[in-house]
Each structure stands twice: as structure tokens, then as C-alpha cells.
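What the coordinates show
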Amino acid sequence: LCWNNIHKEGATALGAALRANQSLLTLNISWNGLEADGTVELVSALIANQTLRKLNLSHTRATTGACLVVVEALRVNTALQELFLEQN
């Protein structure tokens, strides 16, 4: 889903899908304008999701605050093995 002009609304929908996900292993949402709010919406789903193994959030304009939410989600999520946050 990289380079698809996805913003907060799309990230909210993806977050809802990730909460129910039981099969998706990799999600590349890099190069989208998620910004802080969209990143938080998406990453909050990692608390419930124990299936996703690889998440690419590079070049999404995530802020320091949004990255702190990532840290909190990773304290609960034990499934994610690779996380990319380059150039935010």
C-alpha cells in the first residue's frame, strides 16, 4: 500500500482491519501522509494484533509522539519481528 496517498481516515480503517486480522503477515504503508494521528490510529491496532510480523512505516511523517505510541504497542505485541520507521 505504499505511495497511495493514505492519510488519517485510511489509517483508521486499516487499524480496524488489523485488529481483526488473522492472516496478514506483512504491511508496507511507507510513503503515505499518515502524520502523527494516522500513525497512532494504525499502530494502536498492534496491541490487539498478534499476527503481523513486518510493518513498514517509513516516510509517513510520524512524529516523536507517534513513535512513543509505537514503543508502548511493542510492549504488548510479541509477534512483530520487523519494524521500519526510516525518514520520519
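Since the structure is predicted, the reported quantities are computational estimates derived from the model, not experimental observations.

1. Description of the overall build of the protein
Of the regular secondary structure elements, the protein holds three helices and three strands. Listing the helices and strands of the protein from first to last along the sequence gives α-β-α-β-α-β. For a compact globule of 88 residues, the expected C-alpha radius of gyration is about 12 Å, and the protein comes in at 11 Å, within 12% of that figure. When the backbone C-alpha atoms are referred to their principal axes, the protein occupies close to 25 × 25 × 20 Å. Within the span of the protein, comprising 88 residues, buried residues form 38% of the whole. For the protein, restricting intrachain contacts to residue pairs at least 6 apart in sequence, the fraction spanning at least 24 positions comes to 84%.

2. So, the packing of helix α2 (residues 35-44) against helix α3 (residues 64-76)
The geometry of α2 relative to α3 is characterised by a closest axis approach of 9 Å and an angle of 5 degrees between their N-to-C directions. Looking at the two axes, α2 sits roughly parallel to α3. Contact with α2, carried on its side by Ala36, Thr39, Val40, Val43 and Ser44, involves Ala66, Val69, Val70 and Ala73 of α3 and no other residues of that element. Considering only residue class, the contact of α2 with α3 consists of seven nonpolar, two polar and no charged.

3. Thoughts on the confidence of the model for the protein
Within the protein, residue pLDDT values average 93, and 100% of them lie at 70 or more. By mean pLDDT, the top-scoring element of the protein is strand β1 (residues 26-28) (97), and the lowest-scoring one is α2 (90).

4. Digging into the state of the cysteines
Per the counting criterion, the structure on display carries zero disulfides. Cys67 supplies the cysteine sulfur nearest to Cys2, a cysteine that is in no disulfide, at a spacing of 19 Å.

5. Considering the environment of Thr60
With respect to the helices and strands, Thr60 occurs in the loop between β2 (54-56) and α3. Classification of Thr60 by relative accessible area gives buried; the value is 0%. Between the C-alpha atom of Thr60 and that of Asn32, which follows or precedes it by 28 residues, the distance is 5.1 Å.

6. Things to note about the environment of Ile47
Turning to its location among the elements, Ile47 is positioned in the loop between α2 and β2. Judged by relative accessible area, Ile47 falls into the partly exposed class, the value being 47%. Sequence separation of Ile47 and Leu74 is 27 residues, and the distance between their C-alpha atoms is 7.5 Å. Apart from residues no more than four positions distant in its own chain, Ile47 is found in contact with Ala73 and Val76.

Procedures and definitions
Residues numbered from 1 in each chain as written. Predicted model: local features only at pLDDT ≥ 70, side-chain atom pairs only at ≥ 80, totals over all residues. Heavy atoms only, no water. Helix = DSSP H or I, 4+ residues; strand = E, 2+ residues; numbered from the N terminus. Rg over C-alpha atoms; globule rule 2.2 N^0.38 Å. Buried < 20%, exposed > 50% of the residue type's maximum accessible area, 1.4 Å probe, protein only. Contact = heavy atoms within 4.5 Å. Axes fitted to C-alpha atoms, helices over the stretch in contact; angles between N-to-C directions. Parallel < 35°, antiparallel > 145°, perpendicular 65-115°, else oblique. Nonpolar A, V, L, I, M, F, W, Y, C, P; charged D, E, K, R; others polar. pLDDT = per-residue confidence, 0-100. Disulfide = S-S within 2.5 Å.

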